[in-house]
Amino acid sequence: MKEHYLRIIAAALVFGLMIGGAVFFTEPSRVIDTKGETDIYRFFKVHPHGREEIPECFEGEKEEEILEILKTARKKNYKIKFSPVAQEDMAYNIYLQDYDDVYFITLGKVNVVFEDSAKGGYEIVNAEEIIEKIDALLAE
């Protein structure tokens, strides 16, 4: 009888781990954790022939609006490898600082958030929506 209960408990644990793993790998998480104090310290709009730094996007009211947009960004919970992104494949480069951590966001044809590109990054799943919102904000 004791073996029967142990098998039921083991099956329940395995089932729980399977469901937990499935949720972890399928449900995207936030790119920016709202608990910390996050600042934008560089913001670039990328053109085919160069990058244009937009200082008003990392200071004052515009920074807060950009951060609110970025708080809606979602990423996959597992790292992907990506090659260096060609400039013509970028729309925006955003550099964030959260306490001692530095994050880089690339939006365009390749949409990732990473700390060290050599170690890979996390794919942003709703990047088109984020790009549209940033485009609209900058057009004002």
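Cut-off values and rules
- Residues numbered from 1 in each chain as written.
- Predicted model: local features only at pLDDT ≥ 70, side-chain atom pairs only at ≥ 80, totals over all residues.
- Heavy atoms only, no water.
- Phe/Tyr/Trp six-rings, centres within 6.5 Å; stacked < 30°, edge-to-face > 60°.
- Pairing = 2+ DSSP bridges.
- Helix = DSSP H or I, 4+ residues; strand = E, 2+ residues; numbered from the N terminus.
- Contact = heavy atoms within 4.5 Å.
- Axes fitted to C-alpha atoms, helices over the stretch in contact; angles between N-to-C directions.
- Buried < 20%, exposed > 50% of the residue type's maximum accessible area, 1.4 Å probe, protein only.
- Arc of directions from axis to C-beta.
- 1 Å grid on protein atoms, 1.4 Å probe; cavity = no way out; pocket = protein on both sides within 12 Å on 5 of 7 lines; lining within 4 Å.
- Points joined across faces, edges and corners; volume = space filled by probe spheres on them.
- Nonpolar A, V, L, I, M, F, W, Y, C, P; charged D, E, K, R; others polar.
- Parallel < 35°, antiparallel > 145°, perpendicular 65-115°, else oblique.
- Left-handed = near helix turned anticlockwise from the far one by under 90°.
- Polar contact = N/O pair within 3.5 Å; in protein donor to acceptor, adjacent residues only side chain to side chain.

Draft legend 1. Geometry of the packing of aromatic side chains. The tally for this structure, following the rule as stated, stands at five aromatic pairs. Put simply, the rings of Tyr41, Phe44, Tyr95, Phe104 and Phe114 pair up and form one aromatic cluster.

Draft legend 2. The sheet that holds strand S1 (residues 29-30), seen in detail. As summarised here, the arrangement of the eight strands in space is S1-S4-S8-S7-S6-S5-S2-S3, forming an open sheet in which the pairing is antiparallel. Two strands lie at the open edges of the sheet, namely S1 and strand S3 (50-53), each paired on one side alone. Both S1 and strand S4 (residues 74-80) contribute to a ladder of two bridges, which runs antiparallel. Counterpart to Ser29 in the pairing with S4 is Lys75. Where helix H2 (residues 60-70) meets the sheet, its contacts fall on strand S2 (38-47), strand S5 (90-98) and strand S6 (101-108), and the angle it forms with S2 comes to roughly 85 degrees.

Draft legend 3. Structural view of H2. For H2, every residue scored as buried is listed here: Glu63, Ile66, Leu67, Ile69 and Leu70. Taken end-on, H2 shows its buried residues confined to a sector of 155 degrees, consistent with a single buried face.

Draft legend 4. Fine view of the layout of surface pockets. In this structure, the second largest pocket spans a volume of roughly 200 Å³. In this structure, the second largest pocket is lined by 15 residues; those nearest its centre are Phe82, Pro84, Val85, Phe114 and Ser117. Taken together, the elements giving at least two residues each to the lining of the second largest pocket come down to S5 and S6. When its residues are assigned to classes, the lining of the second largest pocket shows nine nonpolar, four polar and two charged.

Draft legend 5. Region of interest: the packing of H2 against helix H3 (residues 127-139). Relative orientation of the contacting elements H2 and H3 amounts to 160 degrees, with a least axis distance of 10 Å. Taken together, the axes of H2 and H3 are roughly antiparallel relative to one another. Once H2 is placed against H3, the crossing between them reads as right-handed. Contacts between H2 and H3 involve Lys62, Glu65, Ile66, Ile69 and Leu70 on the former and, on the latter, Ile130, Lys133, Ile134 and Leu137. Counted by class, the contact of H2 with H3 contains six nonpolar, no polar and three charged residues.

Draft legend 6. Local environment of the pairing of S2. When S2 meets S5, the two strands line up antiparallel, connected through seven bridges. By the bridge assignment, Thr38 is partnered in S5 with Asp98. Here S2 runs beside S3; their pairing, made up of four bridges, is antiparallel. Bridged to Lys45 within S3 is Glu52. Hairpin connection, S2 to S3: the antiparallel pair is bridged by two residues.

Draft legend 7. Quick peek at the pairing of S4. Of the strand pairs in this sheet, S4 and strand S8 (residues 121-124) are connected by three bridges, and their pairing is antiparallel. Bridging from a neighbouring strand, Ile80 pairs with Gly121 of S8.

Draft legend 8. Spotlight on the side chain of Asn77. As for its placement among the helices and strands, Asn77 is situated in strand S4. Residue classification places Asn77 among the buried positions, given a relative accessible area of 17%. For Asn77, the side chain forms a polar contact with the side chain of Ser29, separated by 2.7 Å.

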